[in-house]
Amino acid sequence: MKPIIYYLGAVALTLASCTKEADTIIEVVKEPEAGLQAQLQIVPSPEIATDYREQWRPQIHFTPRQNWINDPNGMVYADGTWHLYYQYNPSGQNWGNMSWGHATSPDLFHWTEQPVALLPDELGYIYSGSAVVDKNNSAGFGAGALVAIYTAHGVNEQQCIAYSTDGGMTFTKYEGNPVIKNTSHGDYRDPKVFWSDDYGCWYMIFALGGEHSAQIWKSDNLKEWKLCSTFSVGSYVGCNQGVWECTDMFTLDYKGEKKYVVTVNVSGGFPNGGGSGTMYFVGSFDGRRFIADRYSYPLWQELGLDNYASVTWSNTGDRRICIGWMNNQLYSGNYPCSPWRSSMTLPRELSLVEYEGIPLLRNVIAPEIECIAGEWRAASPALGIADAYQLEVPVSLSSDCVITLGNAAGDEYEVKVDATNRRLIIDRGGRTGSYSAREFPLTNVCGSLNTTADEVVLEFYVDQSSVEITTADGSLCMSTLVFPATIYDRLNIEGQNLSPKVRDLSRIW
Ligand code: FRU
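My aim in this report is to walk through the structure given alongside it, one point at a time. (Residues numbered from 1 in each chain as written. Predicted model: local features only at pLDDT ≥ 70, side-chain atom pairs only at ≥ 80, totals over all residues. Heavy atoms only, no water.)

### Considerations on the overall build of the protein
For the record, the criterion: The secondary structure listing takes helices from DSSP runs of H or I that are at least 4 residues long and strands from runs of E that are at least 2 residues long, numbered from the N terminus. Throughout, the radius of gyration refers to the C-alpha atoms, and the reference size of a globule is 2.2 Å times the residue count to the power 0.38. Each residue is assigned to one of three classes by its accessible area relative to the maximum for its type, calculated with a 1.4 Å probe on protein chains only: buried under 20%, partly exposed between the two thresholds, exposed over 50%. Here the accessible surface of atoms and residues is derived via Shrake-Rupley with a 1.4 Å probe, and residues count as covered only by protein chains that are part of the display. Positive charges are assigned to Lys and Arg, negative charges to Asp and Glu, while His and the chain termini are left out of the count. In plain terms, the charge of a residue is placed at NZ if it is Lys, CZ if Arg, CG if Asp and CD if Glu.
Across its full length, the protein holds zero helices and 37 strands. At 22 Å, the protein has a C-alpha radius of gyration in line with the 23 Å of a compact globule built from 509 residues. Structurally, the protein occupies a C-alpha span of about 70 × 50 × 40 Å along its principal axes. In the protein, which comprises 509 residues, the proportion classed as buried is 61%. Approximately 18300 Å² of the protein is accessible, and the part contributed by carbon and sulfur atoms is 47%. Side chains of the protein give 36 positive and 58 negative charges; the mean places of these two sets differ by 3 Å.

### What about the sheet that holds strand β23 (residues 321-325)?
Let me state the cut-off plainly: Between any two strands, pairing holds if DSSP finds at least two bridges. Whenever a helix is involved, its axis is fitted only over the stretch in contact; in every case the axis is a line through C-alpha atoms, and angles between N-to-C directions fall within 0 to 180 degrees.
The strand order across the open sheet formed by four strands is β22-β23-β25-β26, and the pairing between neighbours is antiparallel. Strand pairing shows two members of the sheet lacking a second neighbour, β22 (308-312) and β26 (358-365), which therefore form its edges. The average undirected angle you get between the axes of adjacent strands in this sheet is 40°. As paired strands, β23 and strand β25 (residues 348-355) are joined by two bridges and run antiparallel to one another. Pairing of I321 across the sheet is with E349, part of β25.

### Thoughts on the nonpolar core
Across soluble globular proteins, you tend to see nonpolar side chains buried next to one another. To keep it simple, the criterion reads: Here, the term nonpolar core denotes a set of buried Ala, Val, Leu, Ile, Met, Phe, Trp, Tyr and Cys residues that are joined through side-chain atoms within 4.5 Å. The criterion used for residue contact is that any of the two residues' heavy atoms lie within 4.5 Å.
Judged by nonpolar contacts, the single largest core of 44 residues is most densely connected at Y389, L391 and F460. Only β28 (389-396), β29 (401-406), β30 (412-418), β31 (423-428), β33 (455-463), β34 (466-471) and β35 (477-481) provide two or more residues apiece to this core. Excluding residues that lie within four positions of it along the chain, Y389 makes contacts with L383, L405, F460, Y461, V462, I487, Y488, V502, R503, D504 and L505. Counting 39 residues, the second-largest nonpolar core is a separate cluster that includes C201, A214, Y297 and L299.

### Focus: the sheet that holds strand β8 (residues 112-118)
Remark on secondary structure: sheet strands pair via backbone hydrogen bonds, oriented parallel or antiparallel. Ordered by their spatial adjacency, five strands build an open sheet running β8-β7-β6-β5-β24, and the pairing between neighbours is mixed. Sheet topology places β8 and β24 (340-341) at the edges, where each strand pairs with a single neighbour. When strand β6 (residues 81-88) meets strand β7 (residues 99-105), the two strands line up antiparallel, connected through seven bridges. Paired with Y88 across the strands is S99, a residue of β7.

### Concerning the pairing of β31
Across the six residues that make up β31, a large majority, five, are buried. Here five bridges tie β30 to β31, and the two strands are oriented antiparallel to one another. Note on β31: the bridge partner recorded for E414 is D427. The loop that links β30 with its antiparallel partner β31 comprises four residues; one of these, R422, has a positive phi angle of about 50°.

### Here's the deal with the site of the ligand
For the record, the criterion: Any residue with a non-hydrogen atom lying within 4 Å of a molecule or strand is treated as near it. Side-chain atoms alone can form a polar contact between residues adjacent in sequence; in general such a contact is a pair of N or O atoms within 3.5 Å, and within protein one must be able to donate a hydrogen while the other accepts it. Under the scheme applied here, ten amino acids are nonpolar (Ala, Val, Leu, Ile, Met, Phe, Trp, Tyr, Cys and Pro), four are charged (Asp, Glu, Lys and Arg), and all others, including Gly, are polar.
Taken together, 12 residues lie near the ligand, and D71, Q87, R189, D190 and E245 sit nearest. R189 is positioned such that a nitrogen or oxygen atom in its side chain is 2.6 Å from an oxygen atom of the ligand. For the ligand, an oxygen atom lies 3.2 Å from a polar atom in the side chain of Q329. For the ligand, the accessible surface in isolation is 320 Å², of which the surrounding protein chains cover 100%. Mapped onto the shell around the ligand, the elements with two or more residues apiece are β5 (67-78), β9 (125-134) and β13 (189-196). For the shell around the ligand, the residue count by class is three nonpolar, four polar and five charged.

### A look at the side chain of S229
Relative to the helices and strands, S229 is located in strand β16 (residues 226-232). Within the structure, the side chain of S229 is placed 2.6 Å from the backbone oxygen of R288, a separation counted as a polar contact. Among residues more than four places away in sequence, those in contact with S229 are A214, Q215, I216, R288, R289 and F290.

### A few points about the packing of aromatic side chains
To describe a pair of aromatic rings, one takes the distance between the centres and the angle between the planes. Spelled out, the test is: Pairing of aromatic rings covers Phe, Tyr and Trp, the last through its six-membered ring, and needs centres within 6.5 Å; plane angles under 30 degrees mean stacked, over 60 mean edge-to-face, and all others mean tilted. Placement of a positive charge over a ring is assigned whenever Lys NZ or Arg CZ falls within 6 Å of the ring centre and within 35 degrees of the normal to the ring plane.
On inspection of all chains with the given rule, the structure shows 39 aromatic pairs. Between the aromatic rings of W100 and Y150, the centroid separation amounts to 6.3 Å while the plane-to-plane angle is 65°, which identifies the pairing as edge-to-face. In this pair, W100 sits in strand β7 while Y150 sits in strand β10 (residues 145-153), placing the two residues 50 residues apart along the sequence. Its relative accessible area of 0% is what places Y150 among the buried residues. Ring pairing ties together the aromatic residues Y52, F62, Y77, W82, Y86, Y88, W111, W313 and W509, which thus form one cluster. The ring of F440 carries R428 above its face, with NZ or CZ at 3.5 Å from the centroid. Here the basic side chain of K501 rests over the ring of W376, its NZ or CZ set 4.8 Å away from the ring centre.

The following block contains the structure:
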């Protein structure tokens, strides 16, 4: 993986181990006076007409009308609206000019793109981060203000805040930024803030990428922060192969006990293909330190190839709902679509259950999917679908079987149920369709089914350029990008006599 070097005013910046190709569209309209004082003006690209029907345009996943996106940012549920901000280049289809784009939804599935919410400034690009509802006006920006917490990526990466008093549509950057300064660490980014009822204060966790660690800070007012501790897992070698990014921390019930979960997105070292993925750690938090319980880490949130930078929404009560960037740092710069580049995954709801002595982080597609779902019907080899669909296949684990999705062009997506080893093996190789990166094709993407039952129900969520597979109870989840000539609309099953069902998922645009 090669480092990217890009320029902001007179200062060269590097982003280690990232393969997103950089745009060089930053325009410096004023020479830096002292230090990094460049005023940046980003020229938005002219709006391209679209009916959201281009080849490979996802029909049930969020994509921007046009241009580059990566990580989901600042997800917060407020006043009945799901906010999804995201890393966005307002002026091009390559990574660059990092800003926060914005979309809103009443139901987690139908998204309306809103004006760009945060643009770069003299402190740097607006990198990933989170947002909270400040119900009690702890920061003094107003009761119920939405406060965004993000990394300003300039000469150094530093944590900043901005607030919105109009329901998340426009933000004012806090004049005291950065709220956490940094002059010594390289990668120091992606703050996730949450309110703790246990300790009556705000906490922030963020990643120290190359140092393979995360810092936890606390605050009463979102403006003044105190370092609590640094979390790392030095002895678990497999956790320290890439760059730590986009950390999250939340609670979940586990066998009747409240557990803290820390998730770490890591760019490098993923078991399938060696690219990027999301690790998780389960343990306890004493208000200062997160202590991971002893398990065989790394544990992975999912084993598909294309779910990165996954983090959870804030202000959702006991529900933990995450969404990820449906891509992989290995080849994200080669995403072949235009005028948009990349989509989000479907939203998922998380829970913890014990499986073979290990706390398994289960992912099920958020039940709000019912708002786009049609009636179930028996699935025949010609599926008879148009935009997107859900296919449900109950499979016996007493013998192997192979489930193949295909289309008239001969593209094939093959999923083998390896009953002996209780795992799925997905062939996301060259047969799936087009691809434009050497690292893209992988014929044996393996995922454990994590069940001792005799039968497992597989759910396939199929869109124009992706297949997400989960088991019905979420014990397995695998997301993969694919670029078939047309959506897979044929089904072939070998090895078992099964009774699959299918239902249409209606387009969200
Ligand atoms: C992850 C990431 C983050 C960073 C952002 C920059 O994909 O590298 O760590 O904030 O993307 O776009």
